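Single-letter residue listing:
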Amino acid sequence: MSMSDIITEKLTEAFAPQSVKVVDESHQHEGHAGHQGGGETHFRVYIVSNAFRGKSRLERHRMINSALSGELQSGVHALAIHAASPEEGLG
């Protein structure tokens, strides 16, 4: 299973999102710190969930980082997060 799939699965289990998209951007970071030859180190996450209602941007990021703590400690170097409630959308 790819790291993108693992991230998607964990976020789905944790937040029951209306939508979730995980983009592997590792190829854009070749030669940068944290990049590994096989990729799967830099990701961008787009997620919409009721779990984010009434939460600040910082709280949302902390929730996602907590759900993905194992991955962030074992290979994922960078995670860009775009999290919203259904009312906000990702526009």
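Since the structure is predicted, the reported quantities are computational estimates derived from the model, not experimental observations.

**Details of the sheet that holds strand β2 (residues 42-48)**
Part 1 of the reasoning: One open sheet accounts for 3 strands, arranged β1-β2-β3; its pairing is mixed. The two strands at the open ends of the sheet, each matched to only one other strand, are β1 (19-24) and β3 (78-84). For this sheet, the mean angle separating the axes of adjacent strands, direction not counted, is 10°.
Part 2 of the reasoning: Seen against the sheet, helix α2 (residues 57-67) touches β2 and β3 and runs at an angle of roughly 125° to β3.

**Points about a negative patch on the surface**
Part 1 of the reasoning: A contiguous patch of negative charge on the surface is contributed by D5, E9, E13 and E40.
Part 2 of the reasoning: For E9, the position within the fold is in helix α1 (residues 3-15).

**Structural notes on the confidence of the model for the chain**
Part 1 of the reasoning: In this model, the chain carries a mean pLDDT of 90, and residues with pLDDT of at least 70 account for 86%.
Part 2 of the reasoning: Within the chain, helix α3 (residues 69-73) has the poorest average pLDDT of any element, 95, and α2 the best, 98.

Conventions used here
Residues numbered from 1 in each chain as written. Predicted model: local features only at pLDDT ≥ 70, side-chain atom pairs only at ≥ 80, totals over all residues. Heavy atoms only, no water. Pairing = 2+ DSSP bridges. Helix = DSSP H or I, 4+ residues; strand = E, 2+ residues; numbered from the N terminus. Axes fitted to C-alpha atoms, helices over the stretch in contact; angles between N-to-C directions. Contact = heavy atoms within 4.5 Å. Patch = residues over 30% accessible without salt bridge, like charges linked within 9 Å, V, L, I, M, F, W, Y side chains within 5 Å. Areas by Shrake-Rupley, 256 points an atom, 1.4 Å probe, with all protein chains shown as cover. Salt bridge = Lys/Arg side-chain N within 4 Å of Asp/Glu carboxyl O. Lys, Arg positive; Asp, Glu negative; His and termini not counted. Charge placed at Lys NZ, Arg CZ, Asp CG, Glu CD. pLDDT = per-residue confidence, 0-100.

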